[in-house]
Amino acid sequence: MASPWSCGVSVLLGLISRLSIFHPACGLDIPLDVEQLPSLTVQSPSSVIAFPFDERYPMKCEARGNPEPEYRWTKNGQEFDPNQDPRLIKEEDSGSFLIPNSGNVTEYQGTYRCYASNRLGTAISEEIEFIVPNVPKFPKEKINPIVVDEGQPIILECNPPKGIPPLQIYWMTLGLQHIEQDERVSMGLNGNLYFSNALEKDSRRDYCCFAAFPRIRTIVQKTAMSVIVRNTTSISGSESGTRANALMERKPSLLVPSGGQTEVRLVKEQELELECIAEGFPTPKIEWTKMGSVLPDRAKVESHGKLLKISRVHEADSGKYTCKAKNSIGEVVHKFHVTVEEPPRWTEKPESLISMIGADVFIKCAAAGLPQPTITWKVNGLAPSDVPVSKRKVSYDTISLHNVQPGDSAVYQCEASNRHGTLLANANILVMNLLPMILTGDSQEYAAVVGRNVMLHCKVFSSPPATISWVKDDTAKPVDGERFFVHENGSLEINYVTKEDNGQYTCFATNMEGKSAITANLDIKDPTRIVDPPQDLRILRGTTAQFTCQADYDKSLRGDLEISWEKDDMELDFNLTESMGYFADDGILQIANVSHKDQGMYTCRARTSLDQDIASAHLIVLDVPDTPTDLVLFEHKDRSVRLKWVPGDDHNSSTTEFIVEYEESQWEPEKWKEMVQVAGNQTSALLKLHGHVDYRFRVAGMNAVGRGEFSEPTRRYKTPPAAPDRNPENIKIEGHLPDEMDIKWEPLLPIEHNGPGLDYKVSFRRKNAEEKWKEFVVKRHSFIVKNTPTFVPYEIKIQAKNHQGWGPEPKVVIGYSGEDFPSAAPEDVAIDVLNNTLIKVTWAHVSQDKLNGHLGGYRVNWWRFRSLLDSQRGQGEKHSLTFPGDRNHAIIPGLRPFSEYSLIVVAFNGRGNGPGSHSVTFKTPEGVPEQIPILRATNAQRNSITLVWAPPLEANGVLTGYFLEYQLINDTEDLGKLQSINISSPDTNKWVLENLEPVSRYKFYLRGCSRVGCGPAVSEESTTALEAIPTLLNISSHVTDNFAKISWIPASEHKDAEFYVAYKNNREGNWKISEAVNTSRNFHIIQGLEPGTVYTVRLLTKNWVDNSSIFEDVIKTRGKGLASIHGGISTQSWFIGLMCAVAFLTLTVLIACFINRNKGGKYSVKEKEDLHPDVESQGMNDDTFCEYSDNDEKPLKGSLRSLDGDIKATDSGDSLVDYGDEDGQFNEDGSFIGEYAGRKARESMEVKGTAPISA
């Protein structure tokens, strides 16, 4: 039998489930301008519960109608006027009111109904029950202790108070410890606690029942109950009695429910709960069945088998259910007759309608339910008998009206009821004739995109119903075709619109009362299309992902396009914290520092007000594999174990391999080393182990991205000691002395010892000699055999051992005793000169018996004596090339043309060099000169430019002259014709080019030439002047600490010309230019200079800095105080004498050094020093690409570029004074004077020019 509490809970839950405010739908959409019946729009739910923590309780009733409805209420079937009670709060323009939670609200408890009326009729609400719950309390009572014999049943009654469901019951002690429940002890649906049979441990004084009402936030406690369980053995005092006799076995009987069967009724969709609680000993077990069928899948058995639940029951769940309680003594059965009933539901709900005058109206109302609902009709809230109309007929489920007139308009109510509930429906019957009213505004603007659908609205209200037609652009014929469709509500739908559908459309509404019309304008737009969609990405975690989305759309919608992004169908809100790391701008989505949570499908949505287009792409995040887990060691053996693991997530990149590392606790604790690698499709590995090692293991996965983190290590696994598995390897036999043999080998790793006490046994004997093995046991990994013959072969073997025994039989290796220097030199040395920088050297092999060791190779040493231009012979730096192996020739590169050389060849072995061969002298042929180091274009005039240069540092032969080429290179793509001049004098260092175009840029190429040919060119560019450049003679400068004076003498033809003085601080590099200076002034002063600073000064023909300068010089201001010291000290006689003494001593030291240097020989001593070079420092290369040592001082190379504002003062190529030991000076004609430093062995060269350059 179902608990009464379950029924009460079900009813109240049904009430509470409808607490939300109900908005009934109106069957007719009548404009408020039209006179109409009242229709309820808002009403309260069928139950309103006055919870104590709410401030107020709303009673809602709102309606629409014309005229405006008036409201009235009834309470418990009696008139109730909220306006008469000052405590109630009324709402304006509606029938609603609020009951405040102040004072005694119990007086408002009851059933309410709202009536909304105007002169046409009355609409009524469903009944609304206002419930004021009482505060639940257990009654104060004194409960006597319950005394039972052990084995007897106990029932502790709770009897909770009534209250707002849900009700939750708990059995606990006074210490709030839950009473443990099982098959023997359980709580019933009614809240009682049942004991199938009592045990002595059930005795206690604090059984408490707690009832919780969460909706009203209340928990109440019943008075504690005491239970005393008597031990029947102690009562009888019979020592022969046993425990089994005390607990009298008996068959089950039901504590709940009573009787043999129970009738259960419940409503469809509710939960069926059937309960059987039995007593007996042993404790009975419960079985559930359904007669004639099986239990549905929704059935669940709870409370240790005592409670059967079936959720959301329906008609098929009706039937007979049985519960069977049985133990070893017997069984008992109870039957439940379950009937699933249903509250009323509409099968045909009465609908509101508008009828034309004179028509017949039929109102249908039908409902279903179990039991079958009864139908009750009302008219304007009154029984039909109270509103008699002769032409109205009322049957059970239909009302018919004949020849209706406007006065027959009314609200008809239909109520369907059974014992499980009531349904109420209002049907507004409005009788009228009305000219069509088009509710849609006139001249509406519509827009659609090509290929989509569009709806042009024409909402009409009329009686009788109007006929709707549409025409386009004032044509008389209605639109037709399969793409056009007029809906019942008057709207015109055009499918797959085209540009031809542009235009004005007119909607006509016609009935017997007349015709109405409106127009609508349709504009067809180009569709929105994503032309550059996002592409699928596979990207590494931690990097930045970027999606692109560009769209085309109708240009008339400019500014209306919006591009949004979604991830896994959820729009990205860039203002939210969880969207941090996402950046979107101009159709580009960037995801910074990509993580695994960023993986998914990204959708770009290009949207205008008319349409949209979408495109999606997947972001796949790649990462190293996750850490393997669940490492287990199994198949344990002395020298192996198998390790298995569970792989981690590979993060979209298949695991290619697993790396197993080990760590041992004795030799290198906490240092992990790789042991083995296995394929990525394996999850275990057989590990080969060393003896006497305490291991731990860990695993990491590897994929194309990289290696993942290592797993947690396994537990320790220690192997027993064993003899060594192998002997030392990489045995090296060396002889540093001729009578010794040094044996070294690679020792076993500590982990390879396999146990304590590792030693090595060294065995050796001469090869091919009848000797016994000589054996020595050592702990180190080297051994020296003394008193050996020179370079004799030996057989050697090394064996490892420890306390457990010897390692395997060792392999025999062959080695040689110590080497000595080769005792013979290569013979028949010959030289073949291949070109002016390359020779081939050949020699005869040194015989094997003279090598005294392993041949390392041959070394070629050579020296440059002189250039063939020099008559004096000197000793140059030595050069060497080493050629490994047994060979008899070599190629020597990098020689200087037109030079005389000497060369020797030596053999070497592991000990060092042997004696050198006889020296061979050879000469290289003449070559072309090196590039000219400096070329300057100066004194640019209107039709001429002067070129000044220095000769090549190395002529590589006899310098015969120069070859000059030049061409026009103005700022065009076409170059001028290349013109050339042969300068036959080798002493020429200046050339004036005439007949040039004015204000034109030229490029010059200059080569030095010998008897063989011309060398590489140096180039320079310069521009001719617009006007003749003033000629200044005797230009000089006088510098102090803060100013410089530039002086000159103008040529006679330029005594009234103008030029500009420019200067810059070489540290800062910014040019400053003076005002125009007249040549007749003879000098110009540059003021405001910094002491001790280097400046560059130029005289220019125009007020900007370029290559065209009259004069250039580098000056340095004096330091502070230098002038006074110079003037005060330099004129003193004692100072002059001191300086002379210092000069004399310096000269004496230089002479002594010179004499000492010339005491030695030119060649023999140097050759002797080079007989035994260090072999270890030489490389082992082949032919010409072998080690090459060139210690000769290289010449200074480069060219002096044109001076402009971008060249820094530190550039050696731009400062003429950088090429001499003294400050450079310019002569009157603009050429420079100074020494140009070349090789130390060469004489300095002076370039001079005195002829002035005329305009």
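Not measured: the values here are computed from a predicted model.

(A) Structural context of the sheet that holds strand β59 (residues 673-679). In spatial order, the strands read β59-β58-β61-β62; together these four strands make up an open sheet with antiparallel pairing. Looking at which strands have only one partner, the edges of the open sheet turn out to be β59 and β62 (717-718). Note that strand β58 (residues 657-664) and β59 share six bridges and pair antiparallel. Across the sheet, residue E661 finds its bridge partner in β59, namely E674.

(B) Main features of the sheet that holds strand β33 (residues 392-394). With antiparallel pairing, three strands are arranged side by side in an open sheet as β30-β34-β33. Single-partner strands in this sheet number two, and they are β30 (361-364) and β33. Averaged over all adjacent pairs, the angle separating strand axes in this sheet is 10 degrees, with direction ignored. When β30 meets strand β34 (residues 398-401), the two strands line up antiparallel, connected through four bridges. Counted as the bridge partner of K364 is T398 from β34.

(C) View of the side chain of T608. Residue placement: T608 occurs in the loop between β54 (600-607) and β55 (612-622). Dropping the residues within four chain positions of it, T608 is found in contact with T528, Y553, L557, D560 and L561.

(D) Fine view of the environment of E200. Note that E200 resides in the loop between β16 (193-195) and β17 (204-213). Spatially, the C-alpha atoms of E200 and N231 are 6.7 Å apart, while their sequence positions differ by 31 residues.

(E) Quick peek at a nonpolar patch on the surface. Taken together, the side chains of L1138, M1139 and V1142 define a hydrophobic patch exposed on the protein surface, amounting to about 250 Å² of accessible area. Here V1142 lies in helix α6 (residues 1133-1157).

(F) Looking closely at the pattern of salt bridges. Applying the stated criterion across every chain, the model contains 55 salt bridges. Among the ionic pairs, R716 bridges to E663, the shortest N-O distance being 3.1 Å. One end of the pair, R716, is in the loop between β61 (694-702) and β62; the other, E663, is in strand β58, with 53 residues separating them in the sequence. The partly exposed category is assigned to R716, whose relative accessible area is 31%. E670 is paired through a salt bridge with R696; the nearest N and O atoms lie 3.8 Å apart. Of this pair, E670 sits in the loop between β58 and β59 while R696 sits in strand β61, placing them 26 residues apart in sequence. You can call R696 buried: its relative accessible area is 17%.

(G) View of unusual backbone geometry. At the junction of V256 and P257, the peptide bond is cis and its omega measures out at -5 degrees in the coordinates. Within the secondary structure layout, P257 lies in the loop between β20 (250-256) and β21 (261-267). Looking along the chain, the bond that leaves L370 and enters P371 is cis, with omega of -5 degrees. Positive phi, close to 50 degrees, is recorded for F791, a residue that is not glycine. As for its placement among the helices and strands, F791 is situated in the loop between β67 (782-786) and β68 (793-802). Assessed through its relative accessible area of 19%, F791 is described here as buried. Phi at V999 takes a positive value of approximately 45 degrees, unusual for a residue other than glycine.

(H) Quick look at the state of the cysteines. For the structure shown, the criterion picks out seven disulfides. Disulfide pairing is shown between C365 and C414; the S-S distance is 1.8 Å. Here C365 and C414 share a disulfide; its torsion about the S-S bond, -70 degrees, makes the bridge left-handed. Remark: C414 occurs in strand β35 (residues 410-418) and C365 occurs in the loop between β30 and β31 (366-370); sequence separation between them is 49 residues. For C365, a relative accessible area of 0% translates into the label buried. Put simply, C458 and C507 are joined by a disulfide, and their sulfur atoms are 1.9 Å apart.

(I) Region of interest: the nonpolar core. Counting 30 residues, the largest nonpolar core has M59, W73, F97, I99, Y112 and F130 as its most contacted members. Elements represented by at least two residues in this core include exactly β1 (36-43), β3 (56-59), β4 (61-66), β8 (97-100), β9 (110-118) and β11 (128-131). When residues of this core are assigned to their parent elements, the largest contribution, three residues, is made by β9. Within the second largest apolar cluster, 25 residues are counted, among which are C209, A211, V220 and V229.

(J) Expanded view of the packing of aromatic side chains. Scanning all chains against the criterion turns up 28 aromatic pairs. With 5.7 Å between their ring centres and 65 degrees between their planes, W745 and Y760 make a pair best called edge-to-face. Remark: Y760 occurs in strand β65 (residues 759-766) and W745 occurs in strand β64 (residues 740-746); sequence separation between them is 15 residues. Here W745 falls in the buried class, since its relative accessible area comes to 4%. Each member of the aromatic cluster is reached from another via a ring pair, and the members are W73, F80, F97 and Y112. Across the ring face of W806, the terminal group of K801 is positioned such that the distance to the ring centre comes to 5.4 Å.

(K) Region of the structure containing the pairing of strand β56 (residues 629-634). One ladder, built from four bridges, connects β56 with strand β57 (residues 640-646); its direction is antiparallel. Within the sheet, the bridge partner assigned to F634 lies in β57 and is R642. Remark: five residues form the turn of the hairpin made by β56 and β57, two consecutive strands paired antiparallel; E635 in that turn has positive phi of roughly 55 degrees.

(L) Molecular detail of the environment of E668. Residue position: E668 is located in the loop between β58 and β59. Note on E668: relative accessible area 27%, which makes it partly exposed. When the C-alpha atoms of E668 and I751 are compared, they prove to be 9.1 Å apart, with 83 residues separating the residues in sequence. At a separation of 2.2 Å, a polar atom in the side chain of E668 contacts the side chain of K673.

(M) Seen up close, the side chain of S463. In this fold, S463 is placed in strand β40 (residues 460-463). The class for S463 is buried, based on a relative accessible area of 1%. In terms of polar contacts, S463 uses its side chain to reach the backbone carbonyl oxygen of M432, at 2.5 Å.

The rules we used
Residues numbered from 1 in each chain as written. Predicted model: local features only at pLDDT ≥ 70, side-chain atom pairs only at ≥ 80, totals over all residues. Heavy atoms only, no water. Pairing = 2+ DSSP bridges. Helix = DSSP H or I, 4+ residues; strand = E, 2+ residues; numbered from the N terminus. Axes fitted to C-alpha atoms, helices over the stretch in contact; angles between N-to-C directions. Contact = heavy atoms within 4.5 Å. Patch = residues over 30% accessible without salt bridge, like charges linked within 9 Å, V, L, I, M, F, W, Y side chains within 5 Å. Areas by Shrake-Rupley, 256 points an atom, 1.4 Å probe, with all protein chains shown as cover. Salt bridge = Lys/Arg side-chain N within 4 Å of Asp/Glu carboxyl O. Buried < 20%, exposed > 50% of the residue type's maximum accessible area, 1.4 Å probe, protein only. Disulfide = S-S within 2.5 Å. Core = buried A, V, L, I, M, F, W, Y, C linked by side-chain atoms within 4.5 Å. Phe/Tyr/Trp six-rings, centres within 6.5 Å; stacked < 30°, edge-to-face > 60°. Lys NZ or Arg CZ within 6 Å of the ring centre and 35° of its normal. Polar contact = N/O pair within 3.5 Å; in protein donor to acceptor, adjacent residues only side chain to side chain.

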